[in-house]
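# Report on the structure
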Amino acid sequence: MIPLHGKVIPLKGQGVDIGVIKISRDPNAHPVLAADCAFISNGQLPASKFKIVIAQSNVNPRDINGGVDLQLPFELDHLSEGDVVSIRSDNRLRVLFRKKSHQNSILLTERCNHYCLMCSQPPKDVDDSYLMAETKELIKLIPEDTIEIGFTGGEPTLYGDEFIALMQLVKNYLPNTAIHILSNGRAFSDIDFARKYAAIGHKDMMLGIPLYSDDPDQHNYIVQSENAFNETVKGILNLKSLNQLVEIRVVLHKQNITRLTKLCEFIARNLLFVDHVALMGLEIIGFTRANFDQLWIDPYDYKDILSEAVHILTSYGMNVSVYNSQLCLVNADVLPCYRKSISDWKNEYAPECVGCTKLSECGGFFASGIQHGYSKHLKPFIS
Ligand code: SF4
(Lines give C-alpha, C1' and ligand atoms only; values in the text may rest on other atoms or scores of the structure.)
Protein backbone atom coordinates (compact mmCIF):
# COMPACT_ATOMS: atom_id res chain seq x y z
CA MET A 1 0.00 0.00 0.00
CA ILE A 2 1.40 3.39 -0.97
CA PRO A 3 0.11 6.23 1.26
CA LEU A 4 -1.31 9.14 -0.72
CA HIS A 5 -1.76 11.68 2.00
CA GLY A 6 -0.13 12.85 5.21
CA LYS A 7 0.78 15.88 7.27
CA VAL A 8 3.94 17.83 6.51
CA ILE A 9 5.77 19.61 9.31
CA PRO A 10 6.20 23.37 8.81
CA LEU A 11 9.72 24.50 9.73
CA LYS A 12 9.24 28.24 9.36
CA GLY A 13 6.24 29.02 11.53
CA GLN A 14 2.67 28.45 10.35
CA GLY A 15 1.73 26.29 7.41
CA VAL A 16 1.27 27.99 4.07
CA ASP A 17 -1.33 27.43 1.39
CA ILE A 18 0.92 26.25 -1.41
CA GLY A 19 -1.81 24.65 -3.49
CA VAL A 20 -1.12 22.28 -6.37
CA ILE A 21 2.58 21.87 -7.13
CA LYS A 22 4.89 19.57 -9.05
CA ILE A 23 7.63 17.64 -7.27
CA SER A 24 11.26 17.75 -8.35
CA ARG A 25 14.26 15.87 -7.02
CA ASP A 26 16.70 17.47 -9.45
CA PRO A 27 18.79 20.05 -7.51
CA ASN A 28 19.99 21.49 -10.83
CA ALA A 29 16.57 21.85 -12.45
CA HIS A 30 16.25 24.66 -14.99
CA PRO A 31 15.51 27.86 -13.00
CA VAL A 32 12.28 28.52 -14.93
CA LEU A 33 10.94 25.04 -14.04
CA ALA A 34 12.30 25.13 -10.50
CA ALA A 35 10.44 28.35 -9.73
CA ASP A 36 7.13 26.46 -9.92
CA CYS A 37 8.24 23.22 -8.23
CA ALA A 38 8.67 21.79 -4.75
CA PHE A 39 12.15 20.33 -4.29
CA ILE A 40 12.42 17.21 -2.14
CA SER A 41 15.81 17.19 -0.47
CA ASN A 42 17.58 14.06 0.68
CA GLY A 43 20.24 16.15 2.35
CA GLN A 44 21.48 18.60 -0.27
CA LEU A 45 20.39 22.17 -0.95
CA PRO A 46 19.32 22.79 -4.56
CA ALA A 47 21.40 24.90 -6.91
CA SER A 48 18.21 26.33 -8.45
CA LYS A 49 15.67 28.51 -6.65
CA PHE A 50 12.60 26.39 -6.03
CA LYS A 51 9.23 27.65 -4.90
CA ILE A 52 9.53 25.52 -1.80
CA VAL A 53 12.05 23.05 -0.35
CA ILE A 54 10.85 20.00 1.52
CA ALA A 55 13.16 17.69 3.46
CA GLN A 56 12.68 13.93 3.44
CA SER A 57 11.73 12.49 6.81
CA ASN A 58 15.22 11.14 7.47
CA VAL A 59 16.97 14.48 6.91
CA ASN A 60 17.87 16.78 9.78
CA PRO A 61 16.86 20.23 8.48
CA ARG A 62 19.68 21.84 10.48
CA ASP A 63 22.15 19.89 8.35
CA ILE A 64 21.03 21.87 5.33
CA ASN A 65 21.45 25.32 6.81
CA GLY A 66 17.84 26.20 7.44
CA GLY A 67 17.06 26.30 3.74
CA VAL A 68 14.09 23.99 4.18
CA ASP A 69 10.44 25.03 4.46
CA LEU A 70 8.69 21.74 5.26
CA GLN A 71 9.48 18.19 6.29
CA LEU A 72 7.79 15.09 4.95
CA PRO A 73 6.35 12.37 7.15
CA PHE A 74 8.17 9.10 6.38
CA GLU A 75 5.17 7.61 4.59
CA LEU A 76 5.49 10.26 1.86
CA ASP A 77 9.21 9.80 1.22
CA HIS A 78 8.16 7.89 -1.92
CA LEU A 79 7.39 11.17 -3.73
CA SER A 80 9.25 11.19 -7.05
CA GLU A 81 10.24 13.49 -9.87
CA GLY A 82 7.16 14.64 -11.79
CA ASP A 83 4.60 13.71 -9.12
CA VAL A 84 2.01 16.39 -8.35
CA VAL A 85 0.72 17.15 -4.85
CA SER A 86 -1.54 19.58 -3.08
CA ILE A 87 -0.30 21.22 0.12
CA ARG A 88 -2.74 23.28 2.18
CA SER A 89 -2.33 25.61 5.13
CA ASP A 90 -3.50 22.88 7.52
CA ASN A 91 -0.26 21.10 6.49
CA ARG A 92 -2.19 18.36 4.73
CA LEU A 93 -0.38 16.98 1.71
CA ARG A 94 -2.36 14.92 -0.81
CA VAL A 95 -0.72 13.14 -3.72
CA LEU A 96 -2.79 13.96 -6.82
CA PHE A 97 -0.65 12.32 -9.50
CA ARG A 98 2.19 9.79 -9.44
CA LYS A 99 4.23 9.92 -12.60
CA LYS A 100 5.44 6.31 -12.31
CA SER A 101 1.91 4.91 -12.00
CA HIS A 102 -0.43 4.02 -14.85
CA GLN A 103 -3.34 3.96 -12.43
CA ASN A 104 -3.79 7.58 -11.45
CA SER A 105 -7.37 8.31 -10.48
CA ILE A 106 -8.49 11.87 -9.79
CA LEU A 107 -11.31 12.43 -7.32
CA LEU A 108 -13.59 15.20 -8.61
CA THR A 109 -16.24 15.22 -5.91
CA GLU A 110 -17.59 13.25 -2.97
CA ARG A 111 -21.15 14.30 -3.80
CA CYS A 112 -23.40 11.76 -5.46
CA ASN A 113 -27.04 11.17 -6.40
CA HIS A 114 -26.64 7.46 -5.61
CA TYR A 115 -26.09 5.87 -2.22
CA CYS A 116 -24.87 2.45 -3.32
CA LEU A 117 -24.85 -0.35 -0.75
CA MET A 118 -21.20 -1.06 -1.57
CA CYS A 119 -19.98 2.49 -2.23
CA SER A 120 -16.23 2.66 -1.68
CA GLN A 121 -16.33 6.46 -1.39
CA PRO A 122 -19.44 7.19 0.72
CA PRO A 123 -21.12 10.36 -0.55
CA LYS A 124 -20.89 13.58 1.44
CA ASP A 125 -23.25 16.47 0.88
CA VAL A 126 -20.54 19.10 1.16
CA ASP A 127 -19.13 21.87 -0.96
CA ASP A 128 -16.00 20.20 -2.24
CA SER A 129 -15.62 22.37 -5.31
CA TYR A 130 -11.97 22.85 -4.27
CA LEU A 131 -11.44 19.38 -5.79
CA MET A 132 -12.56 20.72 -9.18
CA ALA A 133 -10.38 23.82 -8.76
CA GLU A 134 -7.35 21.67 -7.87
CA THR A 135 -8.01 19.34 -10.81
CA LYS A 136 -7.94 22.27 -13.23
CA GLU A 137 -4.46 23.14 -11.91
CA LEU A 138 -3.39 19.50 -11.92
CA ILE A 139 -4.31 18.86 -15.56
CA LYS A 140 -1.81 21.51 -16.66
CA LEU A 141 0.99 19.75 -14.74
CA ILE A 142 0.43 16.20 -16.03
CA PRO A 143 2.96 15.20 -18.72
CA GLU A 144 1.46 15.10 -22.20
CA ASP A 145 2.79 11.59 -22.79
CA THR A 146 0.83 10.14 -19.86
CA ILE A 147 -0.71 6.88 -21.08
CA GLU A 148 -3.93 6.89 -19.09
CA ILE A 149 -5.74 8.69 -16.35
CA GLY A 150 -9.03 8.19 -14.52
CA PHE A 151 -11.61 10.55 -13.06
CA THR A 152 -13.89 9.45 -10.29
CA GLY A 153 -16.32 10.59 -7.61
CA GLY A 154 -18.90 10.75 -6.19
CA GLU A 155 -20.68 11.57 -9.39
CA PRO A 156 -18.53 13.85 -11.58
CA THR A 157 -21.45 14.91 -13.81
CA LEU A 158 -23.11 16.70 -10.87
CA TYR A 159 -20.88 19.60 -11.93
CA GLY A 160 -22.98 19.86 -15.10
CA ASP A 161 -21.41 22.18 -17.66
CA GLU A 162 -18.34 22.63 -15.45
CA PHE A 163 -17.67 18.91 -15.91
CA ILE A 164 -17.91 19.37 -19.68
CA ALA A 165 -15.51 22.33 -19.48
CA LEU A 166 -13.05 20.27 -17.42
CA MET A 167 -13.07 17.47 -19.97
CA GLN A 168 -12.48 20.04 -22.71
CA LEU A 169 -9.43 21.20 -20.73
CA VAL A 170 -8.32 17.56 -20.47
CA LYS A 171 -8.62 17.21 -24.24
CA ASN A 172 -6.55 20.34 -24.78
CA TYR A 173 -3.72 19.33 -22.43
CA LEU A 174 -3.83 15.53 -22.77
CA PRO A 175 -5.08 14.79 -26.29
CA ASN A 176 -3.23 11.46 -26.52
CA THR A 177 -3.96 10.14 -23.03
CA ALA A 178 -6.60 7.44 -22.54
CA ILE A 179 -9.24 9.00 -20.31
CA HIS A 180 -11.57 6.91 -18.16
CA ILE A 181 -14.44 8.53 -16.26
CA LEU A 182 -16.55 6.77 -13.64
CA SER A 183 -20.16 7.96 -13.76
CA ASN A 184 -23.56 6.49 -13.01
CA GLY A 185 -24.53 7.67 -16.49
CA ARG A 186 -27.83 9.27 -15.49
CA ALA A 187 -26.87 12.78 -16.60
CA PHE A 188 -26.51 11.48 -20.15
CA SER A 189 -30.21 10.56 -20.26
CA ASP A 190 -30.47 14.27 -21.11
CA ILE A 191 -29.59 14.17 -24.80
CA ASP A 192 -28.42 17.79 -24.77
CA PHE A 193 -25.88 16.99 -22.04
CA ALA A 194 -24.81 13.86 -23.91
CA ARG A 195 -24.33 15.98 -27.06
CA LYS A 196 -22.16 18.49 -25.17
CA TYR A 197 -20.02 15.60 -23.90
CA ALA A 198 -19.72 14.10 -27.38
CA ALA A 199 -18.76 17.49 -28.81
CA ILE A 200 -15.57 17.48 -26.71
CA GLY A 201 -14.25 15.02 -29.26
CA HIS A 202 -11.42 13.44 -27.27
CA LYS A 203 -10.33 10.44 -29.33
CA ASP A 204 -9.88 8.06 -26.37
CA MET A 205 -12.34 9.01 -23.61
CA MET A 206 -14.47 6.28 -22.05
CA LEU A 207 -17.28 6.41 -19.50
CA GLY A 208 -17.40 3.51 -17.02
CA ILE A 209 -21.07 3.16 -16.03
CA PRO A 210 -22.31 0.67 -13.44
CA LEU A 211 -25.30 -1.57 -14.13
CA TYR A 212 -25.93 -4.00 -11.32
CA SER A 213 -28.98 -5.95 -12.42
CA ASP A 214 -31.31 -6.54 -15.34
CA ASP A 215 -34.15 -6.09 -12.84
CA PRO A 216 -34.79 -2.33 -12.50
CA ASP A 217 -36.02 -2.68 -8.92
CA GLN A 218 -32.93 -4.60 -7.89
CA HIS A 219 -30.57 -2.10 -9.56
CA ASN A 220 -32.45 0.79 -7.94
CA TYR A 221 -32.24 -0.92 -4.55
CA ILE A 222 -28.50 -1.53 -4.87
CA VAL A 223 -27.86 2.11 -5.77
CA GLN A 224 -30.57 3.31 -3.34
CA SER A 225 -32.19 5.63 -5.85
CA GLU A 226 -35.51 5.49 -7.67
CA ASN A 227 -35.57 5.59 -11.45
CA ALA A 228 -31.82 5.05 -11.60
CA PHE A 229 -32.02 2.02 -13.90
CA ASN A 230 -34.14 3.77 -16.54
CA GLU A 231 -31.97 6.89 -16.60
CA THR A 232 -28.72 4.92 -16.65
CA VAL A 233 -29.83 2.72 -19.55
CA LYS A 234 -31.14 5.76 -21.42
CA GLY A 235 -27.83 7.50 -20.77
CA ILE A 236 -25.92 4.55 -22.24
CA LEU A 237 -28.19 4.50 -25.29
CA ASN A 238 -27.76 8.24 -25.84
CA LEU A 239 -23.97 8.01 -25.52
CA LYS A 240 -23.71 5.13 -27.96
CA SER A 241 -26.01 6.89 -30.42
CA LEU A 242 -23.38 9.65 -30.35
CA ASN A 243 -20.52 7.15 -30.86
CA GLN A 244 -19.05 7.63 -27.40
CA LEU A 245 -16.97 4.92 -25.68
CA VAL A 246 -18.94 3.22 -22.90
CA GLU A 247 -17.95 0.52 -20.46
CA ILE A 248 -20.52 -1.27 -18.29
CA ARG A 249 -19.22 -2.07 -14.80
CA VAL A 250 -20.78 -4.80 -12.67
CA VAL A 251 -19.63 -5.19 -9.07
CA LEU A 252 -20.28 -8.76 -7.94
CA HIS A 253 -21.83 -9.37 -4.52
CA LYS A 254 -24.47 -11.35 -2.69
CA GLN A 255 -27.30 -9.03 -3.80
CA ASN A 256 -26.82 -9.47 -7.54
CA ILE A 257 -24.82 -12.66 -8.05
CA THR A 258 -27.81 -14.94 -8.55
CA ARG A 259 -29.06 -12.75 -11.44
CA LEU A 260 -25.63 -12.15 -12.96
CA THR A 261 -26.22 -14.41 -15.95
CA LYS A 262 -29.59 -12.75 -16.57
CA LEU A 263 -27.89 -9.34 -16.47
CA CYS A 264 -25.28 -10.55 -18.96
CA GLU A 265 -28.04 -11.78 -21.29
CA PHE A 266 -29.77 -8.39 -20.93
CA ILE A 267 -26.52 -6.59 -21.80
CA ALA A 268 -25.77 -8.88 -24.74
CA ARG A 269 -29.26 -8.52 -26.19
CA ASN A 270 -29.92 -4.85 -25.52
CA LEU A 271 -26.54 -3.17 -25.14
CA LEU A 272 -24.37 -5.28 -27.41
CA PHE A 273 -22.75 -2.15 -28.81
CA VAL A 274 -21.03 -1.07 -25.57
CA ASP A 275 -17.27 -1.18 -25.81
CA HIS A 276 -16.35 -3.14 -22.71
CA VAL A 277 -17.96 -5.01 -19.83
CA ALA A 278 -16.04 -5.26 -16.55
CA LEU A 279 -17.10 -7.88 -13.99
CA MET A 280 -15.56 -6.72 -10.75
CA GLY A 281 -14.84 -8.20 -7.34
CA LEU A 282 -15.97 -6.31 -4.27
CA GLU A 283 -13.73 -3.84 -2.43
CA ILE A 284 -14.30 -4.10 1.30
CA ILE A 285 -14.20 -0.45 2.13
CA GLY A 286 -16.69 2.36 2.71
CA PHE A 287 -20.32 1.21 2.88
CA THR A 288 -19.32 -2.37 2.06
CA ARG A 289 -17.92 -2.68 5.55
CA ALA A 290 -21.17 -1.43 7.08
CA ASN A 291 -23.26 -3.73 4.82
CA PHE A 292 -20.81 -6.62 4.88
CA ASP A 293 -23.30 -9.38 5.70
CA GLN A 294 -25.67 -8.20 2.95
CA LEU A 295 -22.89 -8.09 0.37
CA TRP A 296 -20.08 -10.50 1.02
CA ILE A 297 -20.00 -13.75 -0.86
CA ASP A 298 -16.85 -15.80 -1.16
CA PRO A 299 -15.66 -15.62 -4.81
CA TYR A 300 -15.03 -19.37 -4.59
CA ASP A 301 -18.81 -19.81 -4.24
CA TYR A 302 -19.61 -17.89 -7.43
CA LYS A 303 -16.80 -19.01 -9.72
CA ASP A 304 -19.11 -21.17 -11.87
CA ILE A 305 -21.60 -18.30 -12.21
CA LEU A 306 -18.72 -16.04 -13.25
CA SER A 307 -17.65 -18.57 -15.87
CA GLU A 308 -21.17 -18.67 -17.27
CA ALA A 309 -21.43 -14.86 -17.27
CA VAL A 310 -18.16 -14.53 -19.17
CA HIS A 311 -19.27 -17.24 -21.59
CA ILE A 312 -22.56 -15.44 -22.35
CA LEU A 313 -20.87 -12.10 -23.05
CA THR A 314 -17.94 -13.48 -25.05
CA SER A 315 -20.20 -15.76 -27.11
CA TYR A 316 -21.93 -12.56 -28.28
CA GLY A 317 -18.52 -11.19 -29.22
CA MET A 318 -18.38 -8.68 -26.39
CA ASN A 319 -15.13 -7.33 -24.94
CA VAL A 320 -15.06 -8.57 -21.32
CA SER A 321 -12.67 -8.20 -18.38
CA VAL A 322 -12.72 -9.77 -14.95
CA TYR A 323 -11.27 -7.35 -12.42
CA ASN A 324 -10.36 -7.50 -8.73
CA SER A 325 -10.26 -11.28 -8.47
CA GLN A 326 -7.65 -13.84 -7.53
CA LEU A 327 -6.21 -16.39 -9.95
CA CYS A 328 -6.83 -19.37 -7.70
CA LEU A 329 -10.51 -18.43 -7.37
CA VAL A 330 -11.49 -18.38 -11.04
CA ASN A 331 -12.04 -21.27 -13.41
CA ALA A 332 -9.62 -21.74 -16.30
CA ASP A 333 -12.24 -20.63 -18.85
CA VAL A 334 -12.21 -17.12 -17.31
CA LEU A 335 -8.44 -16.65 -17.75
CA PRO A 336 -8.58 -15.02 -21.22
CA CYS A 337 -10.59 -12.19 -19.59
CA TYR A 338 -8.68 -12.09 -16.30
CA ARG A 339 -6.87 -8.79 -15.63
CA LYS A 340 -4.57 -7.55 -12.90
CA SER A 341 -6.57 -4.47 -12.10
CA ILE A 342 -6.15 -3.29 -8.52
CA SER A 343 -4.34 0.04 -8.36
CA ASP A 344 -0.72 -0.40 -7.29
CA TRP A 345 -1.06 1.88 -4.28
CA LYS A 346 -3.72 -0.34 -2.65
CA ASN A 347 -2.72 -3.79 -3.93
CA GLU A 348 -1.63 -6.47 -1.46
CA TYR A 349 -1.40 -10.24 -1.12
CA ALA A 350 -2.54 -12.55 1.67
CA PRO A 351 -0.16 -14.47 3.93
CA GLU A 352 -1.35 -17.63 2.15
CA CYS A 353 0.10 -16.24 -1.12
CA VAL A 354 3.71 -16.57 0.07
CA GLY A 355 5.39 -19.09 -2.22
CA CYS A 356 2.58 -19.11 -4.80
CA THR A 357 4.26 -19.53 -8.17
CA LYS A 358 1.65 -17.38 -9.93
CA LEU A 359 1.80 -14.44 -7.55
CA SER A 360 3.24 -12.11 -10.19
CA GLU A 361 0.37 -12.94 -12.58
CA CYS A 362 -2.32 -12.76 -9.89
CA GLY A 363 -4.21 -9.54 -9.27
CA GLY A 364 -4.15 -10.13 -5.52
CA PHE A 365 -6.34 -8.14 -3.16
CA PHE A 366 -7.35 -4.67 -2.15
CA ALA A 367 -5.46 -3.83 1.05
CA SER A 368 -8.88 -3.45 2.71
CA GLY A 369 -9.75 -7.03 1.75
CA ILE A 370 -6.70 -8.37 3.54
CA GLN A 371 -7.77 -6.41 6.61
CA HIS A 372 -11.49 -7.10 6.63
CA GLY A 373 -12.14 -10.37 4.85
CA TYR A 374 -11.15 -12.54 1.94
CA SER A 375 -11.81 -16.04 0.64
CA LYS A 376 -11.19 -19.04 2.82
CA HIS A 377 -10.38 -21.05 -0.30
CA LEU A 378 -7.06 -19.62 -1.48
CA LYS A 379 -4.98 -22.33 -3.04
CA PRO A 380 -1.42 -21.26 -3.87
CA PHE A 381 -0.04 -22.63 -7.12
CA ILE A 382 2.98 -24.81 -6.53
CA SER A 383 4.40 -25.17 -10.02
S1 SF4 B 1 -2.60 -17.95 -3.61
FE2 SF4 B 1 -1.67 -17.30 -5.57
S3 SF4 B 1 -3.37 -17.25 -6.99
FE4 SF4 B 1 -4.27 -17.33 -4.94
S5 SF4 B 1 -4.63 -15.20 -4.36
FE6 SF4 B 1 -2.58 -15.71 -3.62
S7 SF4 B 1 -1.15 -15.13 -5.24
FE8 SF4 B 1 -3.23 -15.21 -6.11
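Residues numbered from 1 in each chain as written. Predicted model: local features only at pLDDT ≥ 70, side-chain atom pairs only at ≥ 80, totals over all residues.

### Details of the sheet that holds strand E11 (residues 178-182)
Taking strand neighbours across the sheet as the criterion, the seven strands line up as E9-E10-E11-E12-E13-E14-E15 in an open arrangement whose pairing is parallel. With partners counted over all chains shown, the strands left at the sheet margins are strand E9 (105-107) and strand E15 (320-323), one partner each. Each strand of the sheet is rotated relative to its neighbour by a mean of 25 degrees, with strand direction disregarded. Across four bridges, the pairing between strand E10 (residues 148-152) and E11 is parallel. Within E11, the residue paired with Ile149 across the bridge is Ile179. Of the strands in this sheet, strand E14 (276-280) and E15 touch helix H10 (residues 303-315), which is tilted by about 155 degrees from E15. (Pairing = 2+ DSSP bridges. Helix = DSSP H or I, 4+ residues; strand = E, 2+ residues; numbered from the N terminus. Axes fitted to C-alpha atoms, helices over the stretch in contact; angles between N-to-C directions. Contact = placed C-beta atoms within 7 Å.)

### Here we look at the packing of helix H3 (residues 161-173) against helix H4 (residues 191-200)
Each pair of packed helices can be described by the angle between their axes along with the distance between the axes. Direction vectors running N to C along H3 and H4 enclose 10 degrees, while the axes themselves pass 9 Å from each other. If you check the angle between H3 and H4, you find them roughly parallel. You can see that H3 and H4 cross each other, and the crossing is right-handed. Side by side, H3 and H4 meet where Ile164, Met167, Gln168 and Lys171 of the first sit next to Lys196, Tyr197 and Ile200 of the second. Split into classes, the residues belonging to the contact of H3 with H4 amount to four nonpolar, one polar and two charged. (Parallel < 35°, antiparallel > 145°, perpendicular 65-115°, else oblique. Left-handed = near helix turned anticlockwise from the far one by under 90°. Nonpolar A, V, L, I, M, F, W, Y, C, P; charged D, E, K, R; others polar.)

### A look at the environment of Arg94
Along the chain, Arg94 turns up in strand E8 (residues 92-97). Judged by the 17 C-beta atoms lying within 10 Å of it, Arg94 is partly exposed. Counting along the chain gives 60 residues from Arg94 to Ala34, while the straight-line C-alpha distance between them is 20 Å. Setting aside residues no more than four positions away along its own chain, Arg94 makes contact with Leu4, His5, Val85 and Ser86. (Buried ≥ 20, exposed ≤ 12 C-beta atoms within 10 Å, placed from the backbone.)

### Points about the site of the ligand
Taken together, 15 residues form the shell around the ligand, and within it Gln326, Cys328, Cys353, Cys356 and Cys362 come nearest. Considering only residue class, the shell around the ligand consists of eleven nonpolar, two polar and two charged. (Near = placed C-beta within 6 Å.)

### Focus: unusual backbone geometry
Along the chain, Gly153 connects to Gly154 via a cis peptide bond; the corresponding omega equals 15 degrees. Backbone geometry places Gln224, a non-glycine residue, at a positive phi of 55 degrees. Considering the arrangement of structural elements, one finds Gln224 in the loop between helix H5 (216-223) and helix H6 (228-241). In the Ramachandran plot, Asn243 falls in the positive-phi region, its phi being about 60 degrees despite a non-glycine side chain. The exposure class of Asn243 is exposed, given the 8 C-beta atoms found within 10 Å.

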